Structures are given as C-alpha cells and as structure tokens.
Amino acid sequence: MISNSCIPLKVGICGLGTVGFGTLQLLKTNAEEISRRTGCEIHVVHVATRTLDQKKVASVPASGTDPFALVNDPDVDVVIETMGGFEPAFSVIKKALEKGKHVITANKALIAEHGNELFATARANNVTLSFESAVAGGIPIIKALREGLAANKISSLAGIINGTGNFILTEMGANKRQFDDVLAEAQALGYAEADPKFDVEGIDAAHKLTIMASIAFGLPLDFNKTYTEGISKITPEDIIYADELGYKIKHLGIAVLNGTQAEVRVHPTLISKSQLLAHVNGVDNAVLVEGNAVGSTMYTGPGAGADATASAVVADIIDLARTKASGADRPPIAMLGYLEPRSDLTVLPIEDIRSEYYLRILVDDKLGVMAKITSCLQDAGISIEAVIQKERVSQTVSIVILTDTALEADLNKALTSIESLDVVSGKINRIRVASLAK
Ligand code: HSE
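Some thoughts on the domain arrangement of the chain
No. 1: Entries for the chain in the domain assignment read domain 1 (9-137 + 306-336), domain 2 (141-302) and domain 3 (351-433).
No. 2: Centre-to-centre, using C-alpha coordinates, domain 1 lies 50 Å away from domain 3.

Concerning empty space enclosed by the protein
No. 1: For the structure on display, the rule yields two cavities of 30 Å³ or more.
No. 2: Here the second largest cavity is characterised by a volume of approximately 50 Å³.
No. 3: Taken together, T210, A213, S214, L219, P220, L221, D222, K225, T226, V264 and V347 form the lining of the second largest cavity.
No. 4: Tallying contributions element by element places helix 10 (residues 203-217) first for the lining of the second largest cavity, with three residues.
No. 5: Residues that form the lining of the second largest cavity fall into these classes: six nonpolar, three polar and two charged.

Some remarks on the sheet that holds strand 2 (residues 42-48)
No. 1: Taken together, the six strands give an open sheet; going across it, the order is 3-2-1-4-5-6, and neighbouring strands pair in parallel fashion. The sheet terminates laterally at strand 3 (62-64) and strand 6 (129-130), the two strands that pair on one side only.
No. 2: With three bridges connecting them, strand 2 and strand 3 associate as parallel partners. If you follow V47 over to strand 3, its bridge partner there is S63.

Remarks on the pairing of strand 11 (residues 284-291)
No. 1: In terms of burial, strand 11 is a largely internal element, six of the eight residues being buried.
No. 2: Here strand 7 (residues 154-160) runs beside strand 11; their pairing, made up of six bridges, is antiparallel. Looking across to strand 11, one finds that I154 is bridged to G291.
No. 3: Where strand 11 and strand 12 (residues 295-302) come together, eight bridges link them in antiparallel fashion. Note on strand 12: the bridge partner recorded for L288 is M298.
No. 4: Linkage of strand 11 to strand 12, two consecutive antiparallel strands, is achieved through a turn of three residues.

Rules of the game
- Residues numbered from 1 in each chain as written.
- Predicted model: local features only at pLDDT ≥ 70, side-chain atom pairs only at ≥ 80, totals over all residues.
- Heavy atoms only, no water.
- Domains from an automatic or database assignment.
- 1 Å grid on protein atoms, 1.4 Å probe; cavity = no way out; pocket = protein on both sides within 12 Å on 5 of 7 lines; lining within 4 Å.
- Points joined across faces, edges and corners; volume = space filled by probe spheres on them.
- Helix = DSSP H or I, 4+ residues; strand = E, 2+ residues; numbered from the N terminus.
- Nonpolar A, V, L, I, M, F, W, Y, C, P; charged D, E, K, R; others polar.
- Pairing = 2+ DSSP bridges.
- Buried < 20%, exposed > 50% of the residue type's maximum accessible area, 1.4 Å probe, protein only.

Below you can see the structure in the form of structure tokens.
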C-alpha cells in the first residue's frame, strides 16, 4: 500500500564528479515525476566532495570534503558512492553498511574485485548494496538480468560494455582518425575512466562482465578469472580487412555457460556485419542475452556520460524510495545483493576455449611463404576458411587468414611456429571471431 504521507528518503552523495553531479541534477530536474512514481520524496541532505564548489551544492543542507562525516550523519538514510577508485570508496561503503545504511554505488571495480566482502557486510546488516549504474551506464541490464529475466537459465551474454572503447573503434573505422585523438575526445566528453588504460586495456569491461556473469550464472565474483585483452593493438588496417571479410571489430565481453563450465572473456572480436551488435556505435553499449525461455534479447543505450549513468543511480534510489513508501525497511531479500553463488562452476582458462580466428601476418614477399604458413596451421590441425593477400607495396606484405574453429591452445602452437619462420616479421595480430545468436 502506498503511503501518501511518506517521510522523505534522505540521501547523501559521496563524490561530485561526472556521475555524482549528474545524480544531484537529475534528482532535482525530475523531482516531481520521481515522487509521483515512488510515493515518496527524495531529498539530498549531504554531499561530500574532494573540491567543494559552493555553487554546485547550494541546494544541499550539509556539504564538506569528508565522506566519513557524511556516513556518520544521522540524517543520511542512503549513501550514494560516486567517488570511484578503491580507497577511500571501499571503507566508506563498508562503514555505511555497518551503520545499517543502504548503499548505492557506481563503482564496478569495487563490486567486481571486493563485492563478495561488501555483499556479506550488506547481508549481515540487513541493508542493500545496489549497483545498476556500475554496468553499461544507462542500460538497466542488472535489473533485466535479476528481475525481468529471472525465470530463465541464461546460457550466454555478449556485450559492448565500454563506451570509450566503442567510441574509439567506431571513429577509427568511420573517420580514419588516430587512436590518441579519439581518446582525448572521449576524455573531454566525460566517458573515459580517470586512468584511460582501464578503458583501452579492457579492465573496465572486465569488471562489468565479471559482475554480469555472476548475476546471470550464479558464478562467484572472481575478477582474476576474467580473461582481459584491450584494443590497443587494433589498427585501421585490421578494421579494413575485417570489413572486406564481412565483419566489424568490436570490443566484446563474452560470458558463456556450458554445463558447469563458464567462459568469461573480454577481447576485440570480429562479428558478422549482419549481427545487431555490429551496428552499435559511438559511446553506446549493448548486451545480448540468451535465456532458455525467452530466447535472445538485446539491450542497448548510452554506456557512459553524466545523465545516462545518473539515470541508473536514480533508478536504484527509486527502489529504496518505493520500499520506504510501502512501509518496509528494506527491499526483498533477493535485492540485497546476489544470492548464494553456485559452487559447482569453473571458469575455463583462455587456452581451453574454441573459436574461429582472424590472423594478420606480416611477411616478406617471397616464393613459398604461403605454403610455409599453411603448413604450420595444418600441423596444429587448423583449417583455413578464407585468405587475403594484396599486391605488395613495400618489402613486406600482410597476409590475412580466417581459420575454422580451433582450440586456442592449438592456435597458440601454430602461431609460435609461424612467428619463428624467417619470412615472418614481428608478432601476428590475432583476433577471435564470435558467432552470436542474433
Ligand atoms: N569509462 C566507462 C566507459 C564509463 O567508457 O564505458 C562507464 O562505465
């Protein structure tokens, strides 16, 4: 039953950067709509930020630079953590949970790497730790997995889950722009992490995939088992060759559950141009989910940026406001964090996965080169699906090969033999190919 006389939900925001300030603004801009939908007003009563700008916090009764003062403020019911990083964010969240306050965080690194401890603390104190905004920005993928798809056994997820990386690959492909130039633009637009290596080396996507795989499969959170490869070795040449072969290169997070064996991996991936994910461009994210009852569903939208991420933070605040309006002190147990993880699942090492592969090999243009390369692949039991070799423009030439499905360990053996051929220069560029459901 909705109470018309609900006492307002009082929130404190720690960290007033892109996401924190976006949240403050959104709560103000959409206040009327939000309280109409929740039956309860939401008041920001305290803000803690490293550099206090009085203009930004003018409407907030208490403000300062100490997040622990905010946690200790008896007026604050809910702590929003939008500081990012490991410390003091971890201690702030832990303290707030121990004090019996609900916490909402946008911090994917903390959830992926220290979530087990934080969820245990939340459970012990009968409060929630929510993190919708930690994965895929504005896309409500956590709610989709946990609520909308709760009836399904989920067999796979594949997603573009780093806006900066997708923005860079899109621009490199469409406008032949240099990597550094596009990255600088993403930083200026507030998409990139404080350390952009997290975006381009795949760490940010791996944090998000670890969280999604945990919810989808019941896999215990274990970031170290998520295979992580970034986009820094992708060249405009690879994008052009992939296009000729009928593919786009996307930086994907892929999680698959086969019996009790899971694959959890982030890497650049060739996907057919006919697939929906191939058309998700710019800062947009998308996640394709395969459930045994529903089939394939895809969720897409902005994966980064102030307003989009604030939309997800505020959705979590609204859950708590609705709970308050209903007269309960906390949402149902299933929303306290994920439930008991399964203990029978293992994550396959990357050497044990099977995939098709794109290989770009720089060779001297000499008689018999192709035969030597194909013989290395044949020795490893790998057959070839397609080959491209262009006329030479310098001493060396690129040979591009698309293989059939092979075990990664076998491919590694073949690559070692090919790289040791005297006609081959440098490292081979290897990109996995994925066949997705849609
Ligand atoms: N740096 C992240 C991205 C922000 O580009 O997707 C959202 O998590």
